[in-house]
Amino acid sequence: MEQTTSDLVLFFGRFHPLILHLPIGFLLIAFLLEILSRFKSFASYQPAVGFILFLGAISAIVAAVLGLMLAQGGGYGEELLSLHQWLGIGAALTAVVALILHWQARKQASPKLDKAYISVLSVMIVVLMAAGHYGGSLTHGSDYLTQYMPNPLRTLAGLEPREEKKAVLITNLPEAQLYHDIIYPILDARCVSCHNPEKRKGELEMHTVEALLEGGENGALFEAGNPAESHMMKRILLPEEDEEHMPPDGKSQLTEEQIELLNWWIAEGAPFDKKVAQVKVSEDIQNVLNTLVDPNANKTEVEILLASEVQAAEEQTLSQLQTSGVQVMPLAAQVNWLQVRIPMTASGDSLVQTLSPVAGQLTWLDMGDTQTTDEALAAIPQFTKLTRLHLENTQVTDNGLQHLKDLPYLEYLNLYGTEVSDEGIQQLKDLKNLRKLYLWQTKATKEGVAQLQQALPQLEVNMGIENWGVVEADSSVALND
């Protein structure tokens, strides 16, 4: 559609969604009051009908005019728009006719006039509901009302049973169709709801290959082989607060991985008929593609563990722990994993056994800056889901570290300010998920650390010499960090 419509018309047209609810409310109330007032008990409602019907007719005319203005901006399917448009005009006209008949019926008692009035009033309601339905379809899609309808109701309505939408994992990545299996699902999830035959935002449809190639009011959607100059990528990469950004503010946004895949597809020439094995795949793209086969492909075992659901600890148990002086908190909102802090005035030796009832939920344990000794560590193996353990400034020794070797998910261990040595830390060699180890102000040496890192190449050890600031800050990690 040519941009010949004035901005003023489009400005006022944008008020259509704001106004359209007024006639719906007024006209429905007028209809209900008219019906009720025909019963003796509700006869007192009759004087209000005319005024409410008047408000409904006026607001229906205003809504229709604003709707016509809004339609000048384009972006809607013509067939659906035409239906909604004429039904909206019809609702306004029947409201006016009903109002006139109402006034006439009040002036002269005539069964024929009253019958005509009730008939027009009833038609008005039917047309009004139809106009509202098609207006909702324009905004939210034609299946907006039926999308989540339970299957028994769908059967009664003569609709096909609803299919559960599940993420479809790719089983053979090299043989996967690049566009059909990887790119289109992204467009379908993020773009098609606003770019389809019923709702053509920007005069653009993205539901078929042909529609995608046709482009929209701004021309071609992409330039094969050149994502930097492709209109689609430019709009996607704009700041989210920019009004030209896509998807628009308030809609579900593309993830970084989805943007990478779209960029890669265009860079490879935007093919519609190639398989993954037929195009170049960088290491970064391969990592993203792997998640289409296995959503956990790029996650560590610890991340997978903490993303899993765990049964909630009993409230009575948590209350008893709090009463004993142990600080217990959820690891995050809406999760059942627990973090526990032993108070600095206490010792883990006496309190760690009280944590047995929450062994299945405990994943962070902070006994730092307490009088904890190796005795507490002897009870640690029961907490097999521990991922983070603070023992800084405690009295633990090499002997105590032997009890940590069976913690398969331990990722973080802080031994700053303890008596552990090279001999003790070698007992950590089997902790394959250990990534961070703090050994500042211990008896461990660089040679001992190097030996440990040979067994655990991904381990980052902080000796507190070159990274003083990091160690000092981390040694004060609190429950909420």
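Now for a description of the structure that goes with this document.

Here is what the cut-offs are and how they apply
- Along each chain, the written sequence defines residue order, and numbers are assigned to residues from 1.
- A pLDDT threshold of at least 70 governs which residues receive local features in this predicted model, and a stricter bar of 80 or more applies before side-chain atom pairs are shown or counted, although totals over entire chains, interfaces and linings include all residues.
- Calculation of side-chain values draws on the structure's entire complement of heavy atoms; hydrogens and water are dropped beforehand.
- A patch consists of residues exposed above 30% relative accessible area that lack any salt bridge, with like charges linked at up to 9 Å and nonpolar side chains (Val, Leu, Ile, Met, Phe, Trp, Tyr) linked at up to 5 Å.
- Residue burial considers only the protein chains on display, and all accessible areas are found by Shrake-Rupley using a 1.4 Å probe.
- Salt bridge, as used here: a side-chain nitrogen of Lys or Arg that lies within 4 Å of a carboxyl oxygen of Asp or Glu.
- Going along the chain from the N terminus, every DSSP run of H or I of four or more residues is numbered as a helix, and every run of E of two or more is numbered as a strand.
- When accessible area is computed with a 1.4 Å probe and restricted to protein chains, residues below 20% of their type maximum are described as buried, those above 50% as exposed, and intermediate ones as partly exposed.
- Axes, fitted as lines to C-alpha atoms, cover a helix only where it is in contact. Angles between the N-to-C directions of the axes lie from 0 to 180 degrees.
- Helix crossings get a hand from a simple test, with the near helix turned counterclockwise from the far one by less than a right angle marking a left-handed crossing and a clockwise turn marking a right-handed one.
- Residues are treated as being in contact if the distance between any of their heavy atoms lies within 4.5 Å.
- Any residue outside Ala, Val, Leu, Ile, Met, Phe, Trp, Tyr, Cys, Pro, Asp, Glu, Lys and Arg is labelled polar, Gly included; the first ten of those are nonpolar and the last four are charged.

Some words on a nonpolar patch on the surface
Phase 1 of the analysis: Taken together, Phe51, Phe54, Ile58, Ile61, Val62, Val65 and Trp103 make up a surface patch of nonpolar side chains, about 620 Å² in accessible area.
Phase 2 of the analysis: In this fold, Ile61 is placed in helix H4 (residues 46–71).
Phase 3 of the analysis: Given a relative accessible area of 38%, Ile61 falls into the partly exposed group.

A closer look at the pattern of salt bridges
Phase 1 of the analysis: This model, assessed by the stated rule, comprises 10 salt bridges.
Phase 2 of the analysis: One salt bridge in this structure joins Arg38 and Asp114, with 2.8 Å as the shortest N-O distance. A residue pair is termed long-range when its members are at least 10 positions apart, and Arg38 in the loop between helix H3 (21–36) and H4 and Asp114 in helix H6 (residues 111–140) qualify at 76 residues.
Phase 3 of the analysis: With a relative accessible area of 40%, Arg38 lands in the partly exposed category.
Phase 4 of the analysis: Between Glu419 and Lys443 there is a salt bridge; the shortest N-O distance is 3.0 Å. Residue Glu419 is found in the loop between strand E7 (412–414) and helix H18 (422–425), and its partner Lys443 is found in the loop between strand E8 (436–438) and helix H19 (446–455); the two are separated by 24 residues along the sequence.

Details of the packing of helix H11 (residues 256–267) against helix H12 (residues 283–293)
Phase 1 of the analysis: Across the interface, H11 lies against H12 with an axial gap of 10 Å and an inter-helix angle of 120°. The interaxial crossing formed by H11 with H12 has left-handed handedness. For the pair H11 and H12, the contacting residues are Glu257, Glu260, Leu261 and Trp264 in the first and Asp284, Ile285, Val288, Leu289 and Leu292 in the second.
Phase 2 of the analysis: Residue composition of the contact of H11 with H12, grouped by class: six nonpolar, no polar and three charged.

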